[in-house]
Amino acid sequence: MKSKVRILLVALFVAFLGGLTWLMLAARDPLFHGKPESEWIKGIAYGVSLPENESQEQIKRWRDFGPDGVRVLARAVEKADHPIRRTYRKAHRRLSTWLPVFLVRQLPDPGPVVTGGPPMAVIDFLSRLGEEAKVAAPAVARALKSEDAGVRNSDVIFFGGEGENPLLNRMDPKAKRKLLPDFIRAVGDRRDFWPLRYNAAVALKCYPEQREVVAPVLVKALQDSSPWVRQSAAESLHRAAPDLISNAGVVPIVIGVLKDPDDQIAWRAAVWLGEMRAEPALAVPALIESLENPSSLVAATAVQALVKYKEPADQIIPALKKAAQREDSAGGWAKSAAKQLESDAVARQGVR
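Read on for an overview of the structure.

About the criteria used
Residues numbered from 1 in each chain as written. Predicted model: local features only at pLDDT ≥ 70, side-chain atom pairs only at ≥ 80, totals over all residues. Heavy atoms only, no water. Helix = DSSP H or I, 4+ residues; strand = E, 2+ residues; numbered from the N terminus. Contact = heavy atoms within 4.5 Å. Phe/Tyr/Trp six-rings, centres within 6.5 Å; stacked < 30°, edge-to-face > 60°. Buried < 20%, exposed > 50% of the residue type's maximum accessible area, 1.4 Å probe, protein only. Lys NZ or Arg CZ within 6 Å of the ring centre and 35° of its normal.

## Looking at the environment of tryptophan 333
Okay, so step 1: Counting through the fold element by element, tryptophan 333 comes out in helix 19 (residues 329–351).
Okay, so step 2: Each residue touching tryptophan 333, except ones within four places of it in the same chain, is listed here: Ala300, Val303 and Gln304.

## What about the packing of aromatic side chains?
Okay, so step 1: Tallying each qualifying case throughout the model produces 12 aromatic pairs.
Okay, so step 2: A centroid spacing of 6.2 Å and a plane angle of 10 degrees characterise the contact between phenylalanine 32 and tryptophan 62, whose relative ring orientation is stacked. Of the two residues, phenylalanine 32 sits in strand 1 (residues 31–32) while tryptophan 62 sits in helix 3 (residues 52–65), which places them 30 residues apart along the sequence. Accessibility assignment for this pair places phenylalanine 32 and tryptophan 62 in one class, buried.
Okay, so step 3: Between phenylalanine 32 and phenylalanine 65, the ring centres sit 5.0 Å apart and the planes meet at 80 degrees, which makes this aromatic pair edge-to-face. Placement of the pair is phenylalanine 32 in strand 1 and phenylalanine 65 in helix 3, with a sequence separation of 33 residues. Phenylalanine 65 shares its class with phenylalanine 32; the two are buried.
Okay, so step 4: A network of ring pairs unites the aromatic residues Phe32, Trp40, Trp62, Phe65 and Phe125 as a single cluster.
Okay, so step 5: The ring of tryptophan 40 carries lysine 35 above its face, with NZ or CZ at 4.0 Å from the centroid.
Okay, so step 6: The lysine or arginine in question, lysine 176, covers the ring of tyrosine 207, its NZ or CZ lying 5.0 Å from the ring centre.

## So, the environment of proline 227
Okay, so step 1: Checked against the element boundaries, proline 227 lands in helix 13 (residues 227–240).
Okay, so step 2: Using a relative accessible area of 16% as the deciding quantity, one classes proline 227 as buried.
Okay, so step 3: Considering only alpha carbons, one finds proline 227 and isoleucine 253, 26 residues apart in sequence, at a separation of 9.1 Å.
Okay, so step 4: Excluding residues within four positions of it along the chain, proline 227 makes contact with Val257, Asp260 and Ile265.

Below, the structure written as C-alpha coordinates:
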(Lines give C-alpha, C1' and ligand atoms only; values in the text may rest on other atoms or scores of the structure.)
Protein backbone atom coordinates (compact mmCIF):
# COMPACT_ATOMS: atom_id res chain seq x y z
CA MET A 1 0.00 0.00 0.00
CA LYS A 2 2.79 2.41 0.92
CA SER A 3 4.53 1.62 -2.36
CA LYS A 4 1.40 2.47 -4.37
CA VAL A 5 0.93 5.72 -2.48
CA ARG A 6 4.55 6.62 -3.11
CA ILE A 7 4.17 5.94 -6.84
CA LEU A 8 1.01 8.04 -6.97
CA LEU A 9 2.69 10.93 -5.16
CA VAL A 10 5.67 10.78 -7.52
CA ALA A 11 3.37 10.77 -10.53
CA LEU A 12 1.39 13.71 -9.19
CA PHE A 13 4.61 15.60 -8.50
CA VAL A 14 5.90 14.96 -12.02
CA ALA A 15 2.55 15.99 -13.49
CA PHE A 16 2.71 19.18 -11.44
CA LEU A 17 6.30 19.74 -12.54
CA GLY A 18 5.35 19.16 -16.17
CA GLY A 19 2.44 21.55 -15.99
CA LEU A 20 4.60 24.15 -14.27
CA THR A 21 7.24 23.69 -16.93
CA TRP A 22 4.80 24.38 -19.71
CA LEU A 23 3.35 27.38 -17.89
CA MET A 24 6.83 28.82 -17.41
CA LEU A 25 7.74 28.17 -21.01
CA ALA A 26 4.43 29.17 -22.52
CA ALA A 27 4.92 30.52 -25.97
CA ARG A 28 5.86 34.16 -25.69
CA ASP A 29 6.79 35.91 -28.86
CA PRO A 30 7.47 39.57 -28.08
CA LEU A 31 7.95 42.12 -30.79
CA PHE A 32 11.41 43.25 -31.76
CA HIS A 33 11.67 46.24 -34.09
CA GLY A 34 8.03 45.79 -35.03
CA LYS A 35 8.23 42.09 -35.84
CA PRO A 36 7.82 38.95 -33.66
CA GLU A 37 11.16 37.59 -32.44
CA SER A 38 10.40 34.20 -34.00
CA GLU A 39 10.21 35.83 -37.45
CA TRP A 40 13.67 37.34 -36.99
CA ILE A 41 15.05 33.95 -35.96
CA LYS A 42 13.53 32.20 -38.98
CA GLY A 43 15.42 34.66 -41.16
CA ILE A 44 18.83 33.57 -39.84
CA ALA A 45 20.54 31.23 -42.28
CA TYR A 46 23.35 28.84 -41.40
CA GLY A 47 26.64 30.55 -42.27
CA VAL A 48 27.98 28.17 -44.92
CA SER A 49 24.65 28.25 -46.80
CA LEU A 50 24.94 31.99 -47.57
CA PRO A 51 27.13 33.77 -50.12
CA GLU A 52 29.80 35.81 -48.34
CA ASN A 53 28.27 39.19 -49.18
CA GLU A 54 24.84 38.15 -47.79
CA SER A 55 26.50 36.68 -44.70
CA GLN A 56 28.28 39.96 -44.01
CA GLU A 57 25.04 41.92 -44.50
CA GLN A 58 23.30 39.67 -41.97
CA ILE A 59 26.13 40.13 -39.45
CA LYS A 60 26.09 43.92 -39.89
CA ARG A 61 22.31 44.09 -39.43
CA TRP A 62 22.46 42.29 -36.09
CA ARG A 63 25.51 44.20 -34.90
CA ASP A 64 23.56 47.40 -35.52
CA PHE A 65 20.87 46.09 -33.15
CA GLY A 66 23.47 46.09 -30.35
CA PRO A 67 23.08 44.11 -27.09
CA ASP A 68 19.28 43.96 -27.46
CA GLY A 69 19.71 41.95 -30.67
CA VAL A 70 22.11 39.53 -28.99
CA ARG A 71 19.58 38.99 -26.18
CA VAL A 72 16.96 38.06 -28.79
CA LEU A 73 19.39 35.46 -30.16
CA ALA A 74 20.16 34.18 -26.65
CA ARG A 75 16.44 33.75 -25.94
CA ALA A 76 16.08 31.84 -29.21
CA VAL A 77 18.76 29.36 -28.09
CA GLU A 78 16.96 28.72 -24.81
CA LYS A 79 13.46 28.58 -26.33
CA ALA A 80 14.60 25.94 -28.81
CA ASP A 81 15.63 23.57 -26.02
CA HIS A 82 15.14 25.07 -22.57
CA PRO A 83 17.04 23.41 -19.68
CA ILE A 84 13.76 22.90 -17.80
CA ARG A 85 12.31 21.01 -20.76
CA ARG A 86 15.41 18.81 -20.94
CA THR A 87 15.10 18.03 -17.22
CA TYR A 88 11.44 17.13 -17.63
CA ARG A 89 12.16 14.90 -20.66
CA LYS A 90 14.73 12.94 -18.64
CA ALA A 91 12.36 12.60 -15.68
CA HIS A 92 9.54 11.50 -18.00
CA ARG A 93 11.73 8.82 -19.61
CA ARG A 94 12.71 7.41 -16.21
CA LEU A 95 9.18 7.41 -14.82
CA SER A 96 7.63 5.86 -17.93
CA THR A 97 9.67 2.70 -17.33
CA TRP A 98 8.04 1.90 -13.99
CA LEU A 99 4.83 3.95 -13.68
CA PRO A 100 1.51 2.38 -14.75
CA VAL A 101 0.66 3.25 -18.35
CA PHE A 102 -2.54 5.09 -17.39
CA LEU A 103 -0.52 7.43 -15.15
CA VAL A 104 2.13 8.04 -17.81
CA ARG A 105 -0.64 9.11 -20.17
CA GLN A 106 -1.71 11.78 -17.71
CA LEU A 107 1.71 13.46 -17.82
CA PRO A 108 2.32 16.33 -20.26
CA ASP A 109 4.03 15.23 -23.46
CA PRO A 110 7.76 15.92 -23.04
CA GLY A 111 8.17 16.68 -26.72
CA PRO A 112 10.95 15.39 -28.99
CA VAL A 113 14.66 15.73 -28.41
CA VAL A 114 15.84 18.87 -30.17
CA THR A 115 18.27 17.98 -32.93
CA GLY A 116 20.06 20.56 -35.04
CA GLY A 117 17.82 23.17 -36.59
CA PRO A 118 17.36 26.64 -35.05
CA PRO A 119 19.76 26.22 -32.09
CA MET A 120 22.67 25.32 -34.37
CA ALA A 121 21.93 28.12 -36.84
CA VAL A 122 21.64 30.75 -34.09
CA ILE A 123 24.73 29.58 -32.17
CA ASP A 124 26.74 29.46 -35.39
CA PHE A 125 25.59 33.00 -36.13
CA LEU A 126 26.54 34.17 -32.63
CA SER A 127 30.03 32.72 -33.19
CA ARG A 128 30.42 35.05 -36.17
CA LEU A 129 29.29 38.17 -34.33
CA GLY A 130 32.56 38.45 -32.41
CA GLU A 131 32.87 40.37 -29.16
CA GLU A 132 29.22 41.44 -29.20
CA ALA A 133 28.14 37.82 -28.68
CA LYS A 134 29.55 37.66 -25.13
CA VAL A 135 26.12 38.74 -23.84
CA ALA A 136 24.75 35.38 -25.03
CA ALA A 137 27.45 33.29 -23.35
CA PRO A 138 25.28 32.15 -20.37
CA ALA A 139 22.53 30.85 -22.68
CA VAL A 140 25.01 29.05 -24.93
CA ALA A 141 26.73 27.58 -21.85
CA ARG A 142 23.44 26.05 -20.73
CA ALA A 143 23.01 24.54 -24.21
CA LEU A 144 26.23 22.55 -23.66
CA LYS A 145 23.95 20.09 -21.82
CA SER A 146 21.90 19.52 -24.99
CA GLU A 147 20.96 15.95 -25.86
CA ASP A 148 22.08 16.52 -29.47
CA ALA A 149 25.76 16.21 -30.39
CA GLY A 150 25.41 18.71 -33.25
CA VAL A 151 24.06 21.42 -30.94
CA ARG A 152 26.83 20.74 -28.41
CA ASN A 153 29.38 20.95 -31.20
CA SER A 154 28.12 24.44 -32.15
CA ASP A 155 28.33 25.43 -28.48
CA VAL A 156 31.93 24.24 -28.18
CA ILE A 157 32.93 26.18 -31.30
CA PHE A 158 31.26 29.30 -29.88
CA PHE A 159 33.51 29.20 -26.82
CA GLY A 160 36.74 27.59 -27.98
CA GLY A 161 36.80 27.54 -31.77
CA GLU A 162 40.00 27.79 -33.72
CA GLY A 163 41.70 31.15 -33.80
CA GLU A 164 44.28 33.07 -31.85
CA ASN A 165 41.93 34.53 -29.26
CA PRO A 166 38.76 32.44 -28.70
CA LEU A 167 36.09 33.55 -26.27
CA LEU A 168 37.40 31.19 -23.56
CA ASN A 169 40.56 33.28 -23.31
CA ARG A 170 38.50 36.43 -22.75
CA MET A 171 36.09 35.08 -20.13
CA ASP A 172 36.02 35.54 -16.39
CA PRO A 173 38.26 32.75 -14.95
CA LYS A 174 35.47 31.38 -12.76
CA ALA A 175 32.98 31.17 -15.64
CA LYS A 176 35.65 29.62 -17.85
CA ARG A 177 36.49 26.96 -15.25
CA LYS A 178 32.81 26.08 -14.91
CA LEU A 179 32.69 25.05 -18.58
CA LEU A 180 35.68 22.69 -18.39
CA PRO A 181 33.73 19.53 -17.41
CA ASP A 182 31.51 19.93 -20.48
CA PHE A 183 34.54 20.08 -22.80
CA ILE A 184 36.16 17.08 -21.13
CA ARG A 185 32.92 15.12 -21.47
CA ALA A 186 32.72 16.07 -25.17
CA VAL A 187 36.28 14.88 -25.90
CA GLY A 188 35.32 11.50 -24.47
CA ASP A 189 32.04 11.27 -26.42
CA ARG A 190 32.62 8.06 -28.40
CA ARG A 191 29.45 8.27 -30.45
CA ASP A 192 30.00 8.48 -34.18
CA PHE A 193 30.41 12.27 -34.36
CA TRP A 194 34.11 13.10 -34.43
CA PRO A 195 33.67 16.88 -35.06
CA LEU A 196 32.43 17.28 -31.47
CA ARG A 197 35.51 15.47 -30.10
CA TYR A 198 37.74 17.45 -32.44
CA ASN A 199 36.40 20.87 -31.44
CA ALA A 200 36.34 19.99 -27.74
CA ALA A 201 40.01 18.97 -27.94
CA VAL A 202 40.75 22.30 -29.68
CA ALA A 203 39.02 24.15 -26.82
CA LEU A 204 41.18 22.45 -24.17
CA LYS A 205 44.22 24.36 -25.43
CA CYS A 206 42.74 27.35 -23.58
CA TYR A 207 43.27 25.66 -20.19
CA PRO A 208 47.03 25.68 -19.51
CA GLU A 209 46.22 26.74 -15.94
CA GLN A 210 44.36 23.40 -15.58
CA ARG A 211 47.08 21.28 -17.17
CA GLU A 212 46.86 18.60 -14.48
CA VAL A 213 43.23 18.04 -15.49
CA VAL A 214 43.34 18.49 -19.27
CA ALA A 215 46.67 16.77 -20.05
CA PRO A 216 45.45 13.20 -19.28
CA VAL A 217 42.32 13.84 -21.36
CA LEU A 218 44.38 15.02 -24.33
CA VAL A 219 46.88 12.17 -24.00
CA LYS A 220 43.98 9.70 -24.17
CA ALA A 221 42.54 11.55 -27.19
CA LEU A 222 45.83 10.95 -29.02
CA GLN A 223 44.53 7.40 -29.55
CA ASP A 224 41.18 8.50 -31.04
CA SER A 225 39.98 6.72 -34.17
CA SER A 226 39.79 10.03 -36.08
CA PRO A 227 43.03 11.60 -37.37
CA TRP A 228 41.40 15.02 -36.93
CA VAL A 229 40.88 14.39 -33.23
CA ARG A 230 44.40 12.98 -32.80
CA GLN A 231 45.86 16.06 -34.48
CA SER A 232 43.83 18.56 -32.45
CA ALA A 233 44.74 16.71 -29.24
CA ALA A 234 48.44 16.96 -30.18
CA GLU A 235 48.13 20.69 -30.92
CA SER A 236 46.30 21.41 -27.66
CA LEU A 237 48.75 19.35 -25.61
CA HIS A 238 51.57 21.38 -27.15
CA ARG A 239 49.78 24.56 -26.02
CA ALA A 240 48.68 23.42 -22.57
CA ALA A 241 51.54 21.16 -21.47
CA PRO A 242 54.45 21.34 -23.96
CA ASP A 243 56.82 19.52 -21.60
CA LEU A 244 54.74 16.34 -21.99
CA ILE A 245 55.15 16.12 -25.77
CA SER A 246 57.96 13.55 -25.77
CA ASN A 247 56.64 11.32 -22.97
CA ALA A 248 53.17 11.24 -24.54
CA GLY A 249 54.57 10.07 -27.89
CA VAL A 250 53.09 13.05 -29.72
CA VAL A 251 55.64 13.20 -32.56
CA PRO A 252 55.05 9.63 -33.83
CA ILE A 253 51.28 10.25 -33.70
CA VAL A 254 51.55 13.49 -35.69
CA ILE A 255 53.80 11.70 -38.19
CA GLY A 256 51.03 9.14 -38.61
CA VAL A 257 48.58 11.96 -39.38
CA LEU A 258 51.12 13.44 -41.82
CA LYS A 259 50.84 10.21 -43.86
CA ASP A 260 47.04 10.37 -43.99
CA PRO A 261 45.72 10.37 -47.60
CA ASP A 262 43.47 13.35 -46.81
CA ASP A 263 45.73 16.34 -47.51
CA GLN A 264 43.37 18.66 -45.58
CA ILE A 265 44.54 17.07 -42.32
CA ALA A 266 48.00 15.91 -43.43
CA TRP A 267 49.23 19.45 -44.09
CA ARG A 268 48.30 20.46 -40.53
CA ALA A 269 50.50 17.68 -39.21
CA ALA A 270 53.40 19.13 -41.22
CA VAL A 271 52.72 22.57 -39.74
CA TRP A 272 52.85 21.24 -36.20
CA LEU A 273 56.00 19.21 -36.69
CA GLY A 274 57.58 22.52 -37.66
CA GLU A 275 56.00 24.32 -34.70
CA MET A 276 57.12 21.74 -32.14
CA ARG A 277 60.60 21.10 -33.56
CA ALA A 278 60.70 18.08 -31.27
CA GLU A 279 62.51 14.78 -31.87
CA PRO A 280 64.20 15.77 -35.16
CA ALA A 281 65.54 12.24 -35.58
CA LEU A 282 61.93 11.18 -36.24
CA ALA A 283 60.37 14.36 -37.59
CA VAL A 284 62.95 15.34 -40.23
CA PRO A 285 62.90 12.02 -42.16
CA ALA A 286 59.08 12.06 -42.12
CA LEU A 287 59.00 15.61 -43.49
CA ILE A 288 61.60 14.75 -46.14
CA GLU A 289 59.43 11.83 -47.23
CA SER A 290 56.46 14.22 -47.48
CA LEU A 291 58.36 16.33 -50.00
CA GLU A 292 57.30 13.66 -52.51
CA ASN A 293 53.64 13.80 -51.53
CA PRO A 294 51.42 14.21 -54.61
CA SER A 295 49.59 17.03 -52.83
CA SER A 296 51.24 20.41 -53.42
CA LEU A 297 49.75 21.62 -50.15
CA VAL A 298 51.36 18.86 -48.06
CA ALA A 299 54.73 19.06 -49.84
CA ALA A 300 54.93 22.87 -49.62
CA THR A 301 54.02 22.79 -45.92
CA ALA A 302 56.68 20.13 -45.30
CA VAL A 303 59.23 22.48 -46.93
CA GLN A 304 58.28 25.29 -44.56
CA ALA A 305 58.51 22.96 -41.58
CA LEU A 306 61.95 21.65 -42.57
CA VAL A 307 63.36 25.18 -42.76
CA LYS A 308 62.58 25.58 -39.06
CA TYR A 309 64.74 22.58 -38.16
CA LYS A 310 67.82 23.68 -40.17
CA GLU A 311 69.74 20.70 -38.83
CA PRO A 312 70.73 18.16 -40.03
CA ALA A 313 71.46 20.35 -43.05
CA ASP A 314 73.33 17.57 -44.85
CA GLN A 315 70.02 15.69 -45.10
CA ILE A 316 67.60 18.58 -45.51
CA ILE A 317 69.36 20.63 -48.23
CA PRO A 318 69.79 17.75 -50.73
CA ALA A 319 66.15 16.73 -50.16
CA LEU A 320 65.00 20.30 -50.82
CA LYS A 321 67.09 20.52 -53.99
CA LYS A 322 65.47 17.34 -55.22
CA ALA A 323 62.01 18.67 -54.37
CA ALA A 324 62.85 21.88 -56.25
CA GLN A 325 62.48 19.82 -59.46
CA ARG A 326 58.71 19.62 -58.86
CA GLU A 327 56.66 21.59 -61.35
CA ASP A 328 54.21 22.97 -58.83
CA SER A 329 54.19 25.55 -56.04
CA ALA A 330 55.97 23.10 -53.72
CA GLY A 331 58.91 23.06 -56.14
CA GLY A 332 59.22 26.84 -55.92
CA TRP A 333 59.08 26.76 -52.13
CA ALA A 334 61.75 24.04 -52.03
CA LYS A 335 64.08 25.96 -54.33
CA SER A 336 63.81 29.09 -52.20
CA ALA A 337 64.24 27.13 -48.95
CA ALA A 338 67.33 25.30 -50.21
CA LYS A 339 68.99 28.63 -51.08
CA GLN A 340 68.10 30.03 -47.67
CA LEU A 341 69.58 27.06 -45.79
CA GLU A 342 72.74 27.09 -47.92
CA SER A 343 73.15 30.81 -47.24
CA ASP A 344 72.68 30.23 -43.52
CA ALA A 345 75.24 27.43 -43.57
CA VAL A 346 77.82 29.65 -45.31
CA ALA A 347 77.18 32.42 -42.77
CA ARG A 348 77.73 30.03 -39.89
CA GLN A 349 80.97 28.82 -41.46
CA GLY A 350 82.15 32.43 -41.71
CA VAL A 351 81.38 33.08 -38.04
CA ARG A 352 83.36 30.03 -36.97
